[in-house]
Amino acid sequence: MTKEQELFWEEVKKIQDCVVNVSSSKISQYDDMEKLLNDVTYETIYAIMELLDGHKNRDLRGEVINKHTGCSINSSIELHNYCEEYLNCSDI
């Protein structure tokens, strides 16, 4: 595995650890499993989009390419800015 790949996976592991810790501390506030799962997946996806946008580690920035067209999906946008528009999360 390359140094860049190891760095990427170290950042993904940090995201997982953070989401698990934060979610564990708030679990008693949930009375609905769907809300809990929406929030856990929202936080995870949001953090991964921040990673791809270059906000988690300035040495890492991802590019999402449409394999059929060759176009970069995130060339002119920051992916994490669209999570709230497309993903479900609760107000907890």
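Undergrad: Sorry, what's going on with the state of the cysteines here?
TA: What makes a disulfide is a covalent bond joining the sulfur atoms belonging to two cysteines. Evaluated as defined, the whole model comprises zero disulfides. Of the cysteine sulfurs around Cys18, a residue in no disulfide, the closest is that of Cys83, at 15 Å. Cys18 sits in the partly exposed class, given a relative accessible area of 44%.

Undergrad: I would appreciate a short explanation of the side chain of Asn74 in the present structure.
TA: Checked against the element boundaries, Asn74 lands in the loop between α2 (33-53) and α3 (83-86). We classify Asn74 as buried; its relative accessible area is 1%. From its side chain, Asn74 meets the backbone nitrogen of Val64 in a polar contact 2.8 Å long. A polar side-chain atom of Asn74 sits 3.4 Å from a polar atom in the side chain of Ser72. Discounting residues that sit within four places of it in the chain, Asn74 has contacts with Leu52, Arg61, Gly62, Glu63, Val64 and Leu79.

Undergrad: What's the story with the side chain of His80 in this structure? I'm lost.
TA: Counting through the fold element by element, His80 comes out in the loop between α2 and α3. With a relative accessible area of 9%, His80 lands in the buried category. Polar contacts involving the side chain of His80 include one to the side chain of Asp53, which spans 2.6 Å. Those residues within four positions of His80 in sequence are excluded, and the remaining contacts are Tyr46, Met49, Glu50, Asp53 and His55.

Undergrad: Would you mind going over the packing of aromatic side chains with me for this structure?
TA: Evaluation of the coordinates by the stated rule reveals two aromatic pairs. Between Phe8 and Trp9 the ring centres are 5.3 Å apart and the planes differ by 85°, which places this aromatic pair in the edge-to-face class. The exposure class of Phe8 is partly exposed, given its relative accessible area of 29%. Between Tyr42 and Tyr46, the ring centres sit 6.0 Å apart and the planes meet at 25°, which makes this aromatic pair stacked. Of this pair, Tyr42 and Tyr46 are both found in helix α2, four residues apart, which corresponds to roughly one turn of the helix. On the accessibility criterion, Tyr42 (9% relative accessible area) is buried.

Calculation notes
- Residues numbered from 1 in each chain as written.
- Predicted model: local features only at pLDDT ≥ 70, side-chain atom pairs only at ≥ 80, totals over all residues.
- Heavy atoms only, no water.
- Disulfide = S-S within 2.5 Å.
- Buried < 20%, exposed > 50% of the residue type's maximum accessible area, 1.4 Å probe, protein only.
- Helix = DSSP H or I, 4+ residues; strand = E, 2+ residues; numbered from the N terminus.
- Polar contact = N/O pair within 3.5 Å; in protein donor to acceptor, adjacent residues only side chain to side chain.
- Contact = heavy atoms within 4.5 Å.
- Phe/Tyr/Trp six-rings, centres within 6.5 Å; stacked < 30°, edge-to-face > 60°.

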